[in-house]
Amino acid sequence: MVVKVSNLVKRYKEKIALDHFNMELEEGEILGLLGPNGCGKTTVINCILSLLNFDEGEIEIFGEKMTPNSYDIKRQIGIVPQEVAVFENLTVKENIDYFCGLYVEDRSLRKQYVEEAIDFVGLGDYRKFCPRKLSGGLRRRLNIACGIAHRPKLIFLDEPTVAVDAQSRNFILDGIKRLNEEGSSIIYTTHYLEEAETLCKRIIIMDNGKNLVSGSNEELKAMISTSEKIVVKFLEPGTIGDKMKEIPHVVDIERNGEDYIIKFENGFNNMANLLEFIKDNNLTYTKFYSQIPSLNDVFLQLTGKGLRD
Amino acid sequence: MKRLARNLFYQGKNLLGEKALIFWGIIYPLIMALFFHTAFSGIMNIELESIAIGIDKDNPVRYILEEIEIIDVHVLKDVEAKEKLEDEDIGGYIDGDLKLLVKKSGINQTVIKEILDQIKQMEKLGLPMERFDFSANYIEDKNQRADTIIIIFYSLIAMVSTYGLFSGIETVSLMQANLSNVGKRLNATPLKKKDFLLAGIIVSLSINMLSNAILLIFIKHFLKLKLFTGLLYSGILIILGNLFGVGLGILIGASSKRNANAKTILGIFITLVLSFLSGMMSTDIKIMLDKRLPLVGKVNPISIITNNLYKINLLGNTKNAIGGMTILGIYCLMLIFLSYGFLRGKTYDSI
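To start, this report covers the structure provided alongside it. (Residues numbered from 1 in each chain as written. Chains lettered and ligands numbered in written order. Predicted model: local features only at pLDDT ≥ 70, side-chain atom pairs only at ≥ 80, totals over all residues.)

**Remarks on the sheet that holds strand 4 (residues 56–61) of chain A**
Residues and elements named next belong to chain A. This is how the line gets drawn: A strand pair is defined by DSSP finding two or more bridges across the two strands. Helix and strand assignments follow DSSP, with helices taken as H or I runs no shorter than four residues and strands as E runs no shorter than two, numbered in order from the N terminus. The contact rule is simple: place each C-beta atom from the backbone, and if two of them lie within 7 Å, those residues are in contact. Fitted lines through C-alpha atoms give the axes, limited to the stretch in contact for helices. The angle between two N-to-C directions lies from 0 to 180 degrees.
Reading across the sheet, the four strands line up as 2-1-4-5 and stay open at both edges, with antiparallel pairing between neighbours. The open sheet has two free edges, formed respectively by strand 2 (15–25) and strand 5 (64–65), since each of these has just one partner strand. Across five bridges, the pairing between strand 1 (residues 3–12) and strand 4 is antiparallel. In the sheet register, Ser6 faces strand 4, and the bridge partner there is Glu58. Each of strand 1, strand 2 and strand 4 is contacted by helix 1 (residues 41–48), which is oriented at about 65° to strand 2, the strand it contacts most.

Structure (C-alpha cells):
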C-alpha cells in the first residue's frame, strides 16, 4: 500500500471539510479524486502531505505514519500544487534545478534529471525564460516539471489542467500516463470527469468531504440504475411519450425541447426495442442516438446534483 | 554547506529580481537623500559657528571652556546671563553647580551639554582636565558642517539600514505554506526550514548592506557630504541596524497571515514612525522628545542609530555607542527568538 488514509476528519471551526474520509492507493495505480469545487479534494492532499492539521484519523505513506518531519518519506514524493508554485525571478531551468536539488544532491545526476524534466514537459525552447514570460499552459507545465524532476515514487497532482488550453491539456495528460508507465503511483484530483474517466484506474467520488463511492470507471457506472439514455426526435411528437413507457426496461422519459430522453435500466437491446416501437407506431424520427452513462450521471444519482453545479 | 550555497544563490537571484524590493531598498533612499539635500542645501552651506556660553567669572570650568575652539565664553553675572539668554545672545549659561540653563533646545545646547557632561565625568574620576582635548573631540574635522540638518541624514541612513525588513518579509512569505504557493511546495519537500531561513537572512543582509553602501557613496560623492569620521563604530551600528531590520521583517512576515503587500506597508509605516521620532522629518521632534521623554530616544532603534552616528561622527563621542549597540543586539535576539516561535509550527490550521 502506497497511501492509506483512515477516518480522516478535518474541521474549520463549525464546518466539516473532511468527514471520516477513507482512501487507499495501490502501487502503480492512478487514483482519481473526483468531485465539485470545494468538496475537499485539495484538503485531503494537504492533510496527507502534513501541511494541514487534522482533527481525527490516520495517514500512512509507504507503510509509515506521515508527519511534518518525515523527511525520508518526503524524498520519495512529488507534488504539483493546484496553483503554479515557482520562483518568479528564476528561469525555467533554475526553478527545476532548485526544486530537484532539494531531493538530489549529486550534481551530475541532477543535471541529467533537470534536462529530462525539461524535455518531458516540452519546455526546451523556454529554459531561459522566467515564469512570468510564459503562457498559462507553459507555466502549468513548469509547475509539473518542478514536481516530478526528481523521479518520485508517489506524485500528487492537484487539478493540474485547470485553466489550460486544449493543447497543453493533452500534453499534460499524456505526460501523466507516461509517469505512471515509468512506475510512479499517482493521486490525481480533478473536477473534469472526462479526465478521470480516461486517466484513472480507480476513482473516488467525493462530495462535502465524504468519500461517496470508489471503484473503476465501469464499476461506478454499474452502480447506477440508468444504464443507457437514448435521445429521439420525432416529426409527430404528440402524446407518444406516455406510450413509450411500455418499452421494456424504460425507467423514465424526459423532454428537452422537441427531444425525448428515454432512460433505460440495466438491460440489453434497448435500441432495437425502441426502433421496433417506432416501426410499430408508424413514427418518423429525425434524430436518434444513444448515450452511455457518464460519471456525472453517477454523481447525479448519488447526490441529486451535477458535478459542475 | 552545499545546500546553503545553493539556497544563497537561488534566493539571492530571486530577491534581486523583486522590483518593489529594489525600489524601496535602493531607489527610494536615493530619492529621499536627494530631496533632503535639495530642500536644505541653503542651510547646509552654513559653516560651523562658535557657540556663545555665559559663565560666572569664578566658575571652575571657565578656563577649560575658554580653551575649546568652538566655544565663545562670555563672563556674566546671573542677572545679566538671564537677559542675554532671553535675547538669545548666548546659547546657554552654566551656573556655579555646573547646571546648564537654556532658553530653548537646539544643536548648540546639545554640544554644550555634551562638553559639560564630559567635564563632570572627568572630575568624578579625578582625571586632570588637560588630558582631554575638547577641541580635537568636537571639531575633529574642520570641514565637517555641524548643523541640525545632518541629523536628518543620519536618521535617513538609520532608517534605510532597517530596510532589510522587506527581504525578511519576502523570505518568510516564501517558506510558509499558508502564505505562498512556493511555501506550500517547499513544505512538502525534504527542505529544512532553518536552511532556507538562514540563507534568507544572509541574502537579505547582503542585499541591504549593498543598498546602504550605494546610498553612502551617493551622499559622499554626489551630494558631497562628509558624514563619517568614526568608520568602525558607524559601520557596526549600521550592520546592527540591518540585522534589526531583517529580524523585524521576519517577525512581521511570520506573525500574521496578511499578504506580503500589507506587511510591506506595515513595515514602511513602522520605520517611518520610528524615523519621525528620531528627527528625520524635523529635528524639533527629536529635541522635544529628548527633553520630555528621553526614554523614547533610548529605546527607539532608529534613534539609537541616529544619535550614535551623530555623536560618533560629529562630536567624536563614542562613550554611548557600546550601550546603543548592546540594546540593538538585544532587539535582534528578541526578534529572532520571537520569529522562531512563530515559524516553528510545521503544520497549519488552514492554507
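Text resumes after the structure shown.
**A look at the sheet that holds strand 13 (residues 259–265) of chain A**
Residues and elements named next belong to chain A. Pairing in this open sheet of four strands is antiparallel, and the strands run 12-13-11-14 from one edge to the other. Each edge of the open sheet carries a strand with a single partner, namely strand 12 (250–256) and strand 14 (285–291). The average undirected angle you get between the axes of adjacent strands in this sheet is 20°. As defined by bridge partners, strand 12 adjoins strand 13 across six bridges and the pair is classed as antiparallel. Bridge pairing links Asn256 to Asp259 in strand 13. Lying over the sheet, helix 10 (residues 270–280) contacts strand 11 (226–234), strand 13 and strand 14, oriented at roughly 30° with respect to strand 11.

**Here's the deal with the nonpolar core**
Residue and element names in this part refer to chain A. The following threshold applies: Under the definition applied here, buried Ala, Val, Leu, Ile, Met, Phe, Trp, Tyr and Cys residues are grouped into a nonpolar core through C-beta atoms within 7 Å. Between the buried cut of 20 or more and the exposed cut of 12 or fewer other C-beta atoms within 10 Å of a residue's own C-beta lies the partly exposed class, and all C-beta atoms are placed from the backbone.
Within the largest apolar cluster, 159 residues are counted, with the highest numbers of intra-cluster contacts made by Ile96, Ala145 and Ala149. Apart from the residues within four sequence positions on either side, Ala145 is in contact with Ile96, Ala117, Ile118, Phe120, Val121 and Leu123. Grouped together as the second largest cluster of nonpolar side chains are six residues, Tyr260, Ile262, Phe264 and Leu274 included.

**Here's the deal with helix 8 (residues 164–175) of chain B**
Residues and elements named next belong to chain B. Quick reminder of the rule: A helix is expected to reach a length of 1.5 Å times the quantity of its residues less one.
With twelve residues, helix 8 ought to run about 16 Å at 1.5 Å a step, and its terminal C-alpha atoms sit 17 Å apart, in line with that. Within helix 8, twelve of the twelve residues are buried, which leaves the element mostly enclosed by the surrounding structure. Within helix 8, burial applies to Gly164, Leu165, Phe166, Ser167, Gly168, Ile169, Glu170, Thr171, Val172, Ser173, Leu174 and Met175.

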